[in-house]
Amino acid sequence: MSLSRRFHFECIIHYPLLIIHYLHPRFFVLLPSGKNMTQKMELSKNFEPSTTDSKWYQHWLDKGYFNSTPDEREPYTVVIPPPNVTGVLHMGHCLNNTIQDILVRRARMQGKNACWVPGTDHASIATEAKVVAMLRERGITKSSLTREEFLKYAWEWKEKYGGIILQQLKKLGCSLDWNRTSFTMDEDYYKAVIKVFIDLYEKGLIYRGKRMVNWDPVSQTALSDEEVIFKDVDSKLYYVNYPLTDGTGKITVATTRPETILGDVAICVNPSDERYTALVGKRVTVPVINREIPIIADEYVTADFGTGALKITPAHDKNDNMLGLKHQLKAIDTLDATGKFTAEELMEDHPSALVLSYVGIDRFALRKKIVEDITALGQIEKIEDYKGQVGTSERTGAVIESRLSMQWFIDMQKFMDKNPAALESVMNDTIQFYPAKLKNTYSHWLSNIKDWCISRQLWWGQQIPAWYDPNGKCVVAATKEEAFEKFKVEWAMVNGESPNANTSIDHTPFTIDDIKQDEDVLDTWFSSWLWPMEVFKGISNPGNEAVNYYYPTTTLVTGQDIIFFWVARMIMAGYEYKQLRPFKDVYFTGMVRDKLGRKMSKQLGNSPDLLALIDQYGADATRFGIMIASPAGNDLLFDESSLEQGRNFNNKLWNALKLVKMWEGRIDSANLSGEHFAVTWFENRLNEVRAEVDSLIKQFRLSEALKTIYSLIWDDFCSWYLEWVKPGFEQPIEAAVYNKTIEFFTALMQLLHPYMPFITEEIYHLLEERNEDLCVKQLQGFQAVDAAVLLQGNILKDTITGIRDIKNKNQIKPKEQVQLHIQTDALATYQSIQTILAKQLNAKAILFVSEKVNNTLSTVIGNDKLYLETEQPLDTVNQKNDLLKDLEHQKNFLVSVEKKLSNEKFVQNAKPEVLALEQKKKADALSRIKAIEESLAGM
């Protein structure tokens, strides 16, 4: 019988005065109120998170439990991966922040000074897009505004919408130190970012140059490689003929991008490709534009792709650009910043009216138009379907263009040479990755690192502190005034003067008003790589008390997808500016997918509304649902049924509370012996689980820890312990047993609290009057367990289950009294559990025998034979069939164990405790088989 059904039954049979209340949605119990007072307390039928969650969260805030200041305790520091200021909570946030909250709450309950820092990222591209959209709704274009005017609107948007996601985190129950909320565009943070840029520039690690970058034509800004998402697409492969200028033939090139043909400057073939050996050095004519270009050779070309001949367009492809630099070829740009055709660099080719007609046509429309025109010239040989990949912008989804652009870069190889610890610290586990397999991914990226393009063609963000004089000469300085002073010094040096601290330089050919700041802003990641330091003012105010106490931080919880964007760069910045690791442990979550394994997205319609789920199920059930299905470091297949499981768990706890509270008026204070096997057993079981959970959480196996706690509560406490100590009809409960039950229930709520904070705090206070809150109640240490007691508990559970199964199969009613005979070599094992066994089985007597008892129902439990004597007629056929089925099962199990033990590789590599467990399984199976066979022989 389930606990809920047993609970209904007990209420009806044992508590007739309460049944009217219980059958209604609510019933009343007496709860403590003050030292010598009680009050009538109304408990709802089921747990109601809608009122409980907000009540306790506000209480915790009012008490200041989440606030942290430096003191003598061990710090436990976590910085939130700052969500975009444009964001709202989704399932990925739910997983990531629930994990962080579990770790932080547990650390707080362990007596550590837990500090979890919240904040948001200014998200240049995403926020600017939101502001532009807002302006469009008001009939305003960005181009009609000055930078200052646009930024006023941006701050207006940020103040109105930027804090939404942080408020939503409160609804999830996140115990963040809200007094420390940071924003990457705060005044001090802004100054810190500028300070770092200037420092790295002066160290020779930042440079400006025209390089091939990933260009987003929609947001019109450069992107880093990590901001480009590659997608599979169905495309076309166009075979285009380029006639040889000497009239001796043609060479055919296969391309997916005919729209860039007008920028071609060479045809390249592999020098070992015999088909084209005689053509190397000759020239061909580019279709439509009629430019003559050479045929060159390079081993880069793959002879078996397409025709083996590659058109070289250095202005529109990274690999072509590399070949262009190697062979000193000109780069001709035929697309502008918006992805439309431009003829500005084609003038020396004397473009025809046809070419000029392309001006202003979008690149994809241009592709279709040029193919039509080349076809009309008879120079399209064939067109094939082709499956390929295109890079797209992570933010806008636009297809990326490779574009030559003047940008700012960090020389990452030079940076790594200066900070080798950024790689070594991860590989030698100074910084530990969970799962550890990601160390290889990290190592590969850092060992093949490319320069980081840090400039973005936007207005929202930290404006690059570079200043230009009227001639385009550049200096880097924090302010316009400082920049002008630098220009004056440089001008003096050009004119042969030697400026020093005692020399005043007042003459330049231009004024301070003539110098202009670089229009670009810094990549958002250039600010967030300072996050673990600057949330404590470690850059803007070095050596302050907070950064000295909280840094390095303890644990970082983040997604695998930003291991390069963010994790690697934070480590690099940490060693550059603090000569310390930024965190001790990095726990990488997997991706939350739907139950079909698909990535969640608005387009697929498979991304649930997290806030709606919290409203429907409550924060605790939502946290439970996301964690119970979250394998460490692997992707999570989300199914809403796991939240239903969480809600059912809430109600299981609630029903257990109601059951225990109903015993409160039946306490027998005269009996204080407290000698009860159930109490001893559960105390040992609780300590066993405490140790197991502690070990699992240290290994970041948080889902397994939750499953262990769940099983302890649902099975061991609710289904077994409460049943074993439950008083009989109109009988009292021993005071000592009741007090231990309250103690156990409290300990269980404490174990569960980091996972499900609201219901545990509520039940904790409803169990008895408290002087402190569960949120800050210190966890107890766990004691050694008595293995013999745990074994007795297992025998008790197995015996009750086995006998109930026999009774059920033989249609023996639960209330019908029976007599149990036990044939065992371990008589002492049963002595302390005999009373509970008799009560649970409604046995009028339990007898120990040395031989088979005739005319009984028999079964084998472990190594023992049990005989159930009843007044009902026996069905020996069913008994025999059950024993035969059990025998077959045991023999098959024995075969599987012996197969494992006969595997030399397994035996050599298995840990001693694993090997011992398998050998015990074999011994137990042999013993059970012997007992079953003896029972069958006697039938």
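A few points on the structure.

Analysis parameters
Residues numbered from 1 in each chain as written. Predicted model: local features only at pLDDT ≥ 70, side-chain atom pairs only at ≥ 80, totals over all residues. Heavy atoms only, no water. Helix = DSSP H or I, 4+ residues; strand = E, 2+ residues; numbered from the N terminus. Buried < 20%, exposed > 50% of the residue type's maximum accessible area, 1.4 Å probe, protein only. Polar contact = N/O pair within 3.5 Å; in protein donor to acceptor, adjacent residues only side chain to side chain. Contact = heavy atoms within 4.5 Å. Phe/Tyr/Trp six-rings, centres within 6.5 Å; stacked < 30°, edge-to-face > 60°. Lys NZ or Arg CZ within 6 Å of the ring centre and 35° of its normal. Expected span 1.5 Å × (residues − 1). Pairing = 2+ DSSP bridges. Axes fitted to C-alpha atoms, helices over the stretch in contact; angles between N-to-C directions. Patch = residues over 30% accessible without salt bridge, like charges linked within 9 Å, V, L, I, M, F, W, Y side chains within 5 Å. Areas by Shrake-Rupley, 256 points an atom, 1.4 Å probe, with all protein chains shown as cover. Salt bridge = Lys/Arg side-chain N within 4 Å of Asp/Glu carboxyl O. Parallel < 35°, antiparallel > 145°, perpendicular 65-115°, else oblique. Nonpolar A, V, L, I, M, F, W, Y, C, P; charged D, E, K, R; others polar.

With respect to the helices and strands, the residue Thr 313 is situated in the loop between β14 (309–312) and α9 (318–326). Accessibility expressed as a relative area gives 2% for Thr 313, which makes it buried. A polar side-chain atom of Thr 313 sits 2.7 Å from a polar atom in the side chain of Asp 264. The residues touching Thr 313, leaving out its near neighbours within four places in the chain, are Thr 260, Gly 263, Asp 264 and Asp 320.

All right, on to the packing of aromatic side chains then. The description of an aromatic ring pair uses the distance of the two centres, along with the angle that the planes make with each other. For the coordinates displayed, the defined rule picks out 46 aromatic pairs. Between the aromatic rings of Phe 624 and Phe 649, the centroid separation amounts to 5.5 Å while the plane-to-plane angle is 45°, which identifies the pairing as tilted. Residue Phe 624 is located in helix α21 (residues 619–628), and its partner Phe 649 is located in helix α22 (residues 641–661); the two are separated by 25 residues in the primary sequence. Take Phe 624: its relative accessible area is 0%, and that puts it in the buried class. Connected via pairs of aromatic rings, a cluster forms that spans Trp 681, Phe 682, Phe 717, Trp 720, Tyr 721, Trp 724, Phe 744 and Phe 745. Above the plane of the ring of Trp 178 lies Lys 170, whose end atom (NZ or CZ) is 4.9 Å from the centre. For the cation-ring pair, Arg 770 lies above Tyr 764, with the distance from its terminal atom to the ring centre recorded as 4.0 Å.

Here helix α27 (residues 787–809) is 23 residues long and its end C-alpha atoms lie 33 Å apart, about the 33 Å a rise of 1.5 Å per residue gives. Near the N-terminus of α27, the side chain that reaches the backbone nitrogen of Ala 788, with its oxygen 3.0 Å away, is that of Asp 786. Positive backbone phi, at 55°, marks Gln 811, one or two positions downstream of α27.

Structurally, Thr 708 is set in helix α24 (residues 702–725). Thr 708 sits in the buried class, given a relative accessible area of 13%. Setting aside residues no more than four positions away along its own chain, Thr 708 makes contact with Val 689, Glu 692, Val 693 and Leu 696.

On to the sheet that holds β14, then. Spatial strand order, β12-β13-β11-β14: 4 strands in an open sheet with mixed pairing. The open sheet has two free edges, formed respectively by β12 (283–285) and β14, since each of these has just one partner strand. In this sheet, adjacent strand axes meet at a mean angle of 30° when their direction is disregarded. The pairing of strand β11 (residues 266–269) with strand β13 (residues 292–297) spans 3 bridges and is classified as parallel. If you follow Ile 267 over to β13, its bridge partner there is Ile 295.

The subject of this paragraph is unusual backbone geometry. What you tend to see is this: most non-glycine residues have negative phi, and most peptide bonds are trans. The peptide bond linking Tyr 434 to Pro 435 adopts the cis configuration, its omega dihedral lying at 0°. Along the chain, Pro 435 turns up in the loop between β17 (432–434) and α14 (438–447). For the peptide bond that leads from Tyr 551 to Pro 552, omega is 5°, which places it in the cis range. For Pro 552, the location among the structural elements is in the loop between α18 (545–550) and β24 (553–559). Look at Gln 579: it is not a glycine, yet its phi comes out positive at around 55°. Within the secondary structure layout, Gln 579 lies in the loop between α19 (563–577) and β25 (583–589). Backbone geometry places Phe 700, a non-glycine residue, at a positive phi of 60°. Inspection of the secondary structure puts Phe 700 in the loop between α23 (677–698) and α24.

Let's shift gears to a nonpolar patch on the surface. A grouping of Val 88, Tyr 161 and Ile 164 is seen on the molecular surface, where their side chains present a nonpolar patch of about 230 Å² in accessible area. Along the chain, Val 88 falls in the loop between β3 (75–79) and α4 (91–109). Val 88 gets classed as partly exposed once you look at its relative accessible area, which sits at 47%.

A two-sided burial pattern is seen for β11, the buried positions comprising Ala 266 and Cys 268 on one face and Ile 267 and Val 269 on the other. Where β11 meets β14, 4 bridges bridge the pair, whose relative direction is antiparallel. Each bridged residue has a counterpart across the sheet, and for Cys 268 the counterpart in β14 is Leu 310.

Right, let's talk about the sheet that holds strand β22 (residues 516–517) for a bit. Either a parallel or an antiparallel arrangement is found when strands of a sheet pair, and the pairing is made through backbone hydrogen bonds. Pairing is antiparallel in the open sheet, where 3 strands are placed in the order β21-β20-β22. Each end of this open sheet is capped by a strand with a single partner; those strands are β21 (474–476) and β22. As paired strands, strand β20 (residues 466–468) and β22 are joined by 2 bridges and run antiparallel to one another. Among the inter-strand pairings, Trp 467 is bridged to a residue of β22, identified as Gln 517. Strand contacts of helix α15 (residues 480–494): β20 and β21, with the helix running at about 125° to β21, the strand carrying the most contacts.

Turning to the pattern of salt bridges, a few remarks are in order. Throughout the structure, instances matching the rule amount to 56 salt bridges. In this structure, Lys 797 and Asp 716 form a salt bridge, with 3.2 Å as the shortest nitrogen-oxygen distance. Within this pair, whereas Lys 797 is found in helix α27, its partner Asp 716 is found in helix α24, the two being separated by 81 residues in sequence. Taken individually, Lys 797 and Asp 716 each receive the classification buried, so the pair is uniform in this respect. One continuous salt-bridge network, built from bridges that share partners, spans Arg 257, Glu 259, Arg 363, Arg 367 and Glu 401.

On to the packing of α21 against α24. Where α21 meets α24, the closest approach of the two axes is 8 Å, and the angle between their N-to-C directions is 120°. Between α21 and α24, the angle falls in the class oblique. The segment α21 lies against α24, with Phe 624, Met 627 and Ile 628 engaging Leu 702, Ser 703, Leu 706, Lys 707 and Tyr 710. When its residues are assigned to classes, the contact of α21 with α24 shows 6 nonpolar, 1 polar and 1 charged.

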